[in-house]
There are 2 protein chains.
Amino acid sequence: MAVTIYDVAREANVSMATVSRVVNDNQNVKPSTRKKVLECIERLGYRPNAVARGLASKKTTTIGVIVPDISNSFYAELSRGIADVATMYEYNIILSNSDKRADREVELLVDHFGKQVDGLIFMSDSISEEARKEMSIASVPVVLAGTLDQQSQFATVNIDYEEAAYEAVKLLASNGHKRIIFVTGTLTKDINRECKKVGYERALKDAGIELDDELVFEIDNTYDSAYESWKQIRTFSDRPTAIFAGNDDIAVGLLNGIRDDGLLVPDDFEIICFEHSNITRIVRPQLTTVAVPLYDLGAVAMRLLTKLMSDEEVEEHKVILPFRFEKRDSVK
Amino acid sequence: MAVTIYDVAREANVSMATVSRVVNDNQNVKPSTRKKVLECIERLGYRPNAVARGLASKKTTTIGVIVPDISNSFYAELSRGIADVATMYEYNIILSNSDKRADREVELLVDHFGKQVDGLIFMSDSISEEARKEMSIASVPVVLAGTLDQQSQFATVNIDYEEAAYEAVKLLASNGHKRIIFVTGTLTKDINRECKKVGYERALKDAGIELDDELVFEIDNTYDSAYESWKQIRTFSDRPTAIFAGNDDIAVGLLNGIRDDGLLVPDDFEIICFEHSNITRIVRPQLTTVAVPLYDLGAVAMRLLTKLMSDEEVEEHKVILPFRFEKRDSVK
DNA sequence: GTGAAAGCGCTAACAA
DNA sequence: TTGTTAGCGCTTTCAC
């Protein structure tokens, strides 16, 4: 059996309450007794049981993080931002992958709340009604990171994806391109459908370019899928000359397709995309991108959650972080 | 206040014990009472409190995972393997980043064990004495994933890195190369020092090539650092003609350095490396590699941990998974 | 500054 | 098949 607070109390000839005070840095303990207790703790090798503490105090110093897929560098980077701030505030993280399945998300929410997390950070393509309900009835705060809330019900941390998309496509249009392809991951993802696509269309409209649904390619959000999609794109008789890619994996798949075909970037095609990892600097030519501050998105989401958990005043529940443009070599 | 098991018991006119039995799928409950209890649970919206359950049962159905850095694709992939098997056995994961700092690792171990995890998976470059001690006195099983244990004290899951390195370098030697560079991350990492370097040296020796310390480059384990190191490598008067890189990030940094300098792979240099991500297929030429089954490493480690946690017989505590060779275009 | 005692919400004997 | 009753190890009033 492990050493308990009671064993320490007996050994030090004090009550459990006093040991508890020492362990929790309560000031109402005489220095000499504190010292005595500390010695006994050391001698017996006492380690507080966080589960018992959680039951008694109703605080677990643990937060839940539900992420589509931690092996996706987008979420891995975001999670690292969450984790670092969590560490700073002495929270542990229960991390679960949902694979974006709505049923799984709900299961995980129930599961995490059942474990009495003190707060939760949720990431998803789109919030299902069931997930929304589960988060609504939760007795602890919830923050969405890199995830839209179309009902403005929860605290969120994002960048202005639409504006970013707008500026990216505007750059392409200002370079004289008339036929600009938009290659995106699934449009069931709110950010793709409501922001990136909308920004793309607005930029075209502002540039006096007519929309053409044939130029929008909805594909799997992977390098391989993008590489394959090139084979379809190349068949256009009136070939497009510029590409706006929803992210860097897609852009690189396209880039390789183009180059393996003997065409040149940026001469035959100009490319711009959202940047989620350093792959954009590794490929040649290096890609011009909208740099998304993933780490910061996570860090700020966690910081916001700490405020919510301690009932601090929060000026704004809907945080928009700035993005950067990285001018490199895939655009002239 | 949340609904407790007691509220359900009262509502259903049964004892807490019966409700507990229903919740835990204990068969000793009459179908009719089970139904009645289930209805009350539904009606009241009862959700079991896992913390209370953990305190009473001494099982938290949570395991700890300590990883150097989740934003590193190597560990992200490994963690995904762990997570999927954990889900299968209904365990949650507390995930923490150590940044390979020994002091932090110890803190985290104490912290995780304090949270009463039912088991723990540990990953690190090298096990410090303090970390070893902490894991030794733990009352729950520990498994090391992708991490060496030079004292064979813990259960581990790895591949045979030395043999993999040996074969990689042997391939280079058999292609006629005499001056083969080894570019590795820090040699304070056990796997680099005790396996990859040893395999490299053994292959050279077997090929009758004399060792030359000047051909071993110990650098930071990053793309940028490798890119920089090329500037040093190019200054050799008697230029090497082949490179064995410790991992794909290093290999790609080197590759880009070489190509940006106008040299060709594999004509001027042949390259082979350990593969941890799909970057090796994305670059041109595609890299010939030793493919490390990261996901499986994690999955098998977790499976092993479940056996240890339920006191099942375990045939072998030191698991060695097979690796594959991926012949691609960076080697002739 | 310290102690006594009542829980926190559940599981798990043991009885019935 | 069901209920009674101790805890699990800690925090937190409330007294003194």
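Each remark here, short or long, concerns the structure printed above.
In this report, the structure presented in the accompanying data block is examined. Not measured: the values here are computed from a predicted model.

**Section: the overall build of chain A**
Here comes step 1: Along the backbone of chain A there are 13 helices and twelve strands.
Here comes step 2: For chain A, whose C-alpha radius of gyration is 26 Å, the value lies well above the compact-globule estimate of 20 Å for 332 residues.
Here comes step 3: Principal axes of the C-alpha set define a box for chain A whose edges measure 90 × 40 × 35 Å.
Here comes step 4: Here the contacts in chain A between residues at least 6 apart in sequence split such that 69% fall between residues at least 24 apart.
Here comes step 5: Total accessible area on chain A stands at roughly 14700 Å², and carbon and sulfur atoms take up 47% of it.

**Brief notes about the interface of chain B and chain A**
Here comes step 1: Residue-level contacts link 51 residues of chain B with 51 residues of chain A.
Here comes step 2: Counting the surface lost from both chain B and chain A, the interface buries some 3900 Å², and carbon and sulfur atoms represent 50% of this.
Here comes step 3: Looking at the side of chain B facing chain A, the largest losses of area belong to B:Val51, B:Arg80 and B:Lys115, adding up to 16% of the total buried there.
Here comes step 4: The residue B:Asp224 makes a salt bridge to A:Arg281 at a minimum N-O spacing of 3.1 Å.
Here comes step 5: For the pair chain B and chain A, the interface holds 28 residue pairs in polar contact (both at pLDDT 80 or more).
Here comes step 6: Listing elements by their share of the side of chain B that touches chain A, those giving two or more residues are helix 4 (50-57), helix 5 (73-88), strand 2 (92-97), helix 6 (102-114), helix 10 (223-233), helix 11 (248-260) and helix 12 (279-282) of chain B.
Here comes step 7: Here the side of chain B that touches chain A gets six residues from one element, more than from any other, and that element is strand 2 of chain B.
Here comes step 8: Its residues assigned to classes, the side of chain B that touches chain A comprises 21 nonpolar, 15 polar and 15 charged.

**Section: helix 4 of chain B**
Here comes step 1: For helix 4 of chain B, the N-terminal cap is B:Asn49; the gap from its side-chain oxygen to the backbone nitrogen of B:Val51 is 2.7 Å.
Here comes step 2: Phi for B:Lys58, located one or two positions after helix 4 of chain B, is positive at around 65 degrees.

**Comments concerning the protein's contact with DNA strand D**
Here comes step 1: The immediate surroundings of DNA strand D are formed by 28 residues, with A:Ile5, A:Ser20, A:Tyr46, B:Thr18 and B:Arg21 found nearest.
Here comes step 2: Every element with two or more residues in the surface near DNA strand D is listed here: helix 2 (16-23) and helix 4 (50-57) of chain A together with helix 2 (16-23) and helix 4 of chain B.
Here comes step 3: Sorting elements by how many residues they give to the surface near DNA strand D places helix 4 of chain A first, with four residues.
Here comes step 4: Each residue belonging to the surface near DNA strand D can be placed in one class, and the counts come to 13 nonpolar, ten polar and five charged.

**Describing the pairing of strand 2 (residues 92-97) of chain A**
Residues and elements named next belong to chain A.
Here comes step 1: Within strand 2, six of the six residues are buried, which leaves the element mostly enclosed by the surrounding structure.
Here comes step 2: Burial along strand 2 is two-sided: the face carrying Asn92, Ile94 and Ser96 and the face carrying Ile93, Leu95 and Asn97 are both buried.
Here comes step 3: Pairing between strand 1 (residues 62-67) and strand 2: six bridges, direction parallel. Each residue of the ladder has a partner; that of Ile66, found in strand 2, is Ser96.
Here comes step 4: Note on the crossover from strand 1 through helix 5 (residues 73-88) to strand 2: the handedness is right-handed.

**A short note on the pattern of salt bridges**
Residue and element names in this part refer to chain A.
Here comes step 1: Taken as a whole and assessed by the stated rule, the structure comprises 53 salt bridges over all chains.
Here comes step 2: The partner of Asp103 in a salt bridge is Arg101, with the nearest N and O atoms 3.0 Å apart.
Here comes step 3: With a relative accessible area of 43%, Asp103 lands in the partly exposed category.
Here comes step 4: Among the residues examined, Arg101 registers a relative accessible area of 42% and is labelled partly exposed.
Here comes step 5: Ionic pairing is found between Arg328 and Glu275, a salt bridge with its closest N-O pair at 2.5 Å. Taken together, the residues Arg328 in the segment after strand 12 (324-326) and Glu275 in strand 9 (residues 270-275) connect sequence positions 53 residues apart.
Here comes step 6: Taking relative accessible area as the criterion, Arg328 reaches 13% and is therefore assigned buried.

**Focus: the sheet that holds strand 12 (residues 324-326) of chain B**
Residues and elements named next belong to chain B.
Here comes step 1: With respect to topology, six strands assemble into an open sheet ordered 7-6-8-9-10-12, the strand pairing being mixed. Each edge of the open sheet is held by one strand with a lone partner, namely strand 7 (216-218) and strand 12. Across the sheet, the axes of successive neighbouring strands diverge by a mean angle of 15 degrees, strand direction being ignored.
Here comes step 2: Here four bridges tie strand 8 (residues 242-245) to strand 9 (residues 270-275), and the two strands are oriented parallel to one another. Note that in strand 9 the partner of Ala245 across the bridge is Cys273.

**Brief notes about the protein's contact with DNA strand C**
Here comes step 1: Taken together, 28 residues lie around DNA strand C, and A:Arg21, A:Lys30, B:Ile5, B:Ser20 and B:Tyr46 are the ones closest in.
Here comes step 2: Near-protein atoms of DNA strand C (within 4 Å) split between backbone and bases, with sugar and phosphate holding 61%.
Here comes step 3: At a separation of 2.9 Å, a phosphate oxygen of DNA strand C approaches a polar side-chain atom of A:Thr33.
Here comes step 4: The contact in question runs from a base oxygen of DNA strand C to an N or O atom on the backbone of A:Ala56, over 3.3 Å.
Here comes step 5: When contributions to the surface near DNA strand C are tallied by element, the ones reaching two or more residues are helix 2 and helix 4 of chain A together with helix 2 and helix 4 of chain B.
Here comes step 6: Within the surface near DNA strand C, the residues separate by chemical class into 13 nonpolar, ten polar and five charged.

**Focus on the pairing of strand 6 (residues 180-184) of chain A**
Residues and elements named next belong to chain A.
Here comes step 1: The element strand 6 is extensively covered by neighbouring structure, given that five of its five residues are classed as buried.
Here comes step 2: Neither face of strand 6 is left uncovered, since the one carrying Ile180, Phe182 and Thr184 and the one carrying Ile181 and Val183 both have all their residues buried.
Here comes step 3: Summarising the sheet, strand 6 and strand 8 (residues 242-245) pair through four bridges and their orientation is parallel. Its bridge partner being in strand 8, Ile181 is matched across the sheet by Ile243.
Here comes step 4: Relative to strand 7 (residues 216-218), strand 6 runs parallel, the two being bridged by three bridges. Residue pairing across strands places Val183 opposite Phe217, the latter belonging to strand 7.

**Observations concerning the packing of aromatic side chains**
All names here are of chain A.
Here comes step 1: Under the defined criterion, the tally for this structure stands at 16 aromatic pairs over all chains.
Here comes step 2: An aromatic cluster of three or more residues is present, and its members are Phe182, Tyr200, Phe244 and Phe274.
Here comes step 3: Geometry around Phe74 places Lys189 over its ring, the cationic atom sitting 5.6 Å from the centre.
Here comes step 4: Its guanidinium or amino end placed over the ring of Tyr166, Arg202 lies 4.0 Å from that ring's centre, counting from NZ or CZ.

**Describing the sheet that holds strand 12 of chain A**
Residue and element names in this part refer to chain A.
Here comes step 1: The strand order 7-6-8-9-10-12 describes an open sheet built from six strands, whose pairing is mixed. Either end of the sheet is taken by a strand with one partner, and the two such strands are strand 7 and strand 12. Within the sheet, the average angular offset between the axes of one strand and its neighbour, ignoring direction, is 15 degrees.
Here comes step 2: Strand direction decides the pairing type here: strand 9 and strand 10 (residues 288-291), joined by four bridges, are parallel. Within strand 10, the position partnered with Cys273 by the bridge is Thr289.
Here comes step 3: Sitting on the sheet, helix 8 (residues 161-174) is in contact with strand 6, strand 8, strand 9, strand 10 and strand 12, with an inclination near 165 degrees to strand 9.

Definitions and cut-offs
Residues numbered from 1 in each chain as written. Chains lettered and ligands numbered in written order. Predicted model: local features only at pLDDT ≥ 70, side-chain atom pairs only at ≥ 80, totals over all residues. Heavy atoms only, no water. Helix = DSSP H or I, 4+ residues; strand = E, 2+ residues; numbered from the N terminus. Rg over C-alpha atoms; globule rule 2.2 N^0.38 Å. Contact = heavy atoms within 4.5 Å. Areas by Shrake-Rupley, 256 points an atom, 1.4 Å probe, with all protein chains shown as cover. Buried area = accessible area lost by both parts, 1.4 Å probe. Salt bridge = Lys/Arg side-chain N within 4 Å of Asp/Glu carboxyl O. Polar contact = N/O pair within 3.5 Å; in protein donor to acceptor, adjacent residues only side chain to side chain. Nonpolar A, V, L, I, M, F, W, Y, C, P; charged D, E, K, R; others polar. Near = heavy atom within 4 Å. Buried < 20%, exposed > 50% of the residue type's maximum accessible area, 1.4 Å probe, protein only. Pairing = 2+ DSSP bridges. Right-handed = clockwise from strand over helix to strand, strands pointing away. Axes fitted to C-alpha atoms, helices over the stretch in contact; angles between N-to-C directions. Phe/Tyr/Trp six-rings, centres within 6.5 Å; stacked < 30°, edge-to-face > 60°. Lys NZ or Arg CZ within 6 Å of the ring centre and 35° of its normal.

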